[in-house]
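Given next are the chains, with one letter for each unit.
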Amino acid sequence: AGAPHTKKPEDKSKLKASLTAGPKFRSIAPAICSGRIVDLAVDPVMPSRWFVAVASGGVWRTDNNGTTFTPLFDSQGSYSIGCVTLDPSNRHTVWVGSGENNSQRSVSWGDGVYRSRDDGKTWENLGLKDSEHIGKIAVDPRDSNVVWVAAQGPLWRAGGERGVYKTTDGGKSWNRVLHISDDTGANEVHLDPRNPDIAYASSYQRRRRVWTLINGGPESTIYKTTDGGKNWRKIESGLPSVDKGRIGMAMSPADPDVLYIGTGETQIRGNIQQGDGVYKSTDGGTTWTDISGNTRDRS
């Protein structure tokens, strides 16, 4: 007779295919109103290095294309962030606008503008603490001391520091160069890289109530200055004449005369949303054309 049959012990250290075939991956976060990422700033010299602004979670940095992240803002006065911008003349200088730029009931406010000169290791608060919600910051590529801020202003009340602000001394003092009204602030500001005295700003009229959001009005539109903010004019030929909501803007890096905007939530007539969509200008905002077709926008 041969050797007795010995049953091979079961290897319990390995997962069987039958055990892993059933479960499927699903998204567990962020949910509808949590974990909102509001802005990114990517290092133009080292593209694997990003700064990430979180609506209710501070500022984070990755140096390895998002494999790992380091929190940068835990010791600062605000955890709610609206935007992050790198100085085009010095990529180690980071500007942050606190107070998220959304208008949900879950929104939190901020305490002004921050700047770091060492990649986010240390920060200084440079004022505009009553802006509460900042939509965008733009730094003049010719002079790092010249900085523009689009401040939405308080969400639940009128007044505050709202509109477009500009500093020429690196944040020691601020001048409001565009003031629409105590109910309307600025959502974004963009500089023409060929001549940064040319700037575009989108105004945003809104008010949060417990029971509703007034997300637009006749004062939401596009403004342009050609003299560094001394004078502004509306540029809305071709845009819908109905009340507009929050307007997002993009400028073509290949041709700054080409602009795109999303007009956001606007007026409802007969259960039909009117005027919202994507518009394009090829002449520096002088005229606009609706290019959205059946694709509508909620900025």
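The present account deals with the structure reproduced in this document. (Residues numbered from 1 in each chain as written. Predicted model: local features only at pLDDT ≥ 70, side-chain atom pairs only at ≥ 80, totals over all residues. Heavy atoms only, no water.)

### Here we look at the overall build of the protein chain
Inclusion rule: Elements are defined by DSSP. Helices are runs of H or I of four residues or more, strands are runs of E of two residues or more, and each kind is numbered from the N terminus. Working definition: with a 1.4 Å probe on protein chains only, accessible area under 20% of the residue-type maximum means buried, over 50% means exposed, and in between means partly exposed. When checking whether two residues touch, look at their non-hydrogen atoms; a contact exists if any pair is within 4.5 Å. Throughout, the Shrake-Rupley method with a 1.4 Å probe supplies accessible areas, and for residues the shown protein chains are the sole cover considered.
What the protein chain contains, in helices and strands, is 1 helix and 24 strands. In the protein chain, which comprises 299 residues, the proportion classed as buried is 49%. Long-range pairs, those at least 24 residues apart, make up 46% of the contacts in the protein chain with a sequence separation of at least 6. Summed over its atoms, the accessible surface of the protein chain is roughly 15400 Å², and 51% of this surface lies on carbon and sulfur atoms.

### Examining the sheet that holds strand β2 (residues 50-54)
To keep things clear, this is the line we draw: When DSSP finds two or more bridges between a pair of strands, those strands are recorded as paired.
The 4 strands lie next to each other as β1-β2-β3-β4, forming an open sheet whose pairing is antiparallel. In the strand order of this sheet, the two ends are held by β1 (37-42) and β4 (70-71), each with one partner. The pairing of strand β3 (residues 58-62) with β4 spans 2 bridges and is classified as antiparallel. Among the inter-strand pairings, Trp60 is bridged to a residue of β4, identified as Pro71.

### Details of the environment of Gly293
Mapped onto the fold, Gly293 is located in the segment after β24 (289-290). Once the C-alpha coordinates of Gly293 and Val278 are considered, the two residues, 15 residues apart in sequence, prove to be 8.5 Å apart.

### A word on the sheet that holds strand β9 (residues 134-139)
Operational definition: Fitted lines through C-alpha atoms serve as axes, helices being fitted only where they are in contact, and the angles separating the N-to-C directions of these axes extend from 0 to 180 degrees.
Taken together, the 4 strands give an open sheet; going across it, the order is β9-β10-β11-β12, and neighbouring strands pair in antiparallel fashion. Looking at the sheet topology across the chains shown, the edges are occupied by β9 and β12 (175-178). Taken over all neighbouring pairs, the strand axes of this sheet differ in orientation by 25° on average, direction set aside.

### Details of the packing of aromatic side chains
Rules: Two rings from Phe, Tyr or Trp (for Trp, the six-membered ring) form a pair when their centres are within 6.5 Å of each other. A pair whose planes differ by under 30 degrees is stacked, one over 60 is edge-to-face, and the rest are tilted.
The final tally for this structure, using the stated rule, is 4 aromatic pairs. With 5.0 Å between their ring centres and 80° between their planes, Phe73 and Trp123 make a pair best called edge-to-face. Of this pair, Phe73 sits in the loop between β4 and β5 (81-87) while Trp123 sits in the loop between β7 (113-116) and β8 (124-125), placing them 50 residues apart in sequence. Judged by its relative accessible area of 3%, Phe73 is buried. Connected via pairs of aromatic rings, a cluster forms that spans Phe73, Tyr114 and Trp123.

### Some thoughts on unusual backbone geometry
Residues apart from glycine generally show negative phi values, whereas peptide bonds are mostly found in trans. For Asn65, which is not glycine, the phi dihedral falls at a positive 60°. If you trace the backbone, Asn65 turns up in the loop between β3 and β4. Its identity is not glycine, yet Leu128 carries a phi of approximately 60°, on the positive side. Tracing the chain through its elements places Leu128 in the loop between β8 and β9. Note on Leu128: relative accessible area 5%, which makes it buried.

### Some points on the pattern of salt bridges
It is possible for side chains bearing opposite charge to pair when their charged atoms get close. Just so we agree on the cut-off: Salt bridge, as applied in this entry: a Lys or Arg side-chain nitrogen positioned within 4 Å of an Asp or Glu carboxyl oxygen.
Tallied over the entire structure, the rule returns 15 salt bridges. Across the pair Asp43 and Arg49 runs a salt bridge, and its minimum N-O distance is 2.7 Å. Across the pair Arg117 and Glu124 runs a salt bridge whose closest N-O atoms are separated by 3.8 Å. A residue is classified by how much of its surface remains accessible, and Glu124, at 32% relative accessible area, is partly exposed. What emerges from the salt-bridge pattern is a single network uniting Asp43, Arg49, Arg61, Asp63, Arg91 and Asp119.

### Thoughts on the pairing of strand β20 (residues 259-262)
Where strand β19 (residues 248-251) and β20 come together, 4 bridges link them in antiparallel fashion. Considered in β20, the bridge of Met251 is made with Leu259. Bridging between β20 and strand β23 (residues 278-281) involves 4 bridges; their strand directions are antiparallel. Along β23, the bridge assignment pairs Ile261 with Tyr279.

### Side note on a nonpolar patch on the surface
To keep things clear, this is the line we draw: Candidate patch residues must exceed 30% relative accessible area and have no salt bridge, after which like charges are joined if within 9 Å and Val, Leu, Ile, Met, Phe, Trp or Tyr side chains if within 5 Å.
Taken together, the side chains of Ile37, Leu40 and Val42 present a nonpolar region at the surface, about 270 Å² in accessible area. In this fold, Leu40 is placed in strand β1.

### Observations concerning the environment of Thr167
By secondary structure assignment, the location of Thr167 is in strand β11 (residues 163-167). The exposure class of Thr167 is buried, given its relative accessible area of 1%. Each C-alpha atom of the pair Thr167 and Val177 lies 9.8 Å from the other, and the pair is 10 residues apart in sequence. Filtering out sequence-adjacent residues up to four positions away, Thr167 remains in contact with Asn145, Val146, Val147, Lys172, Ser173 and Trp174.

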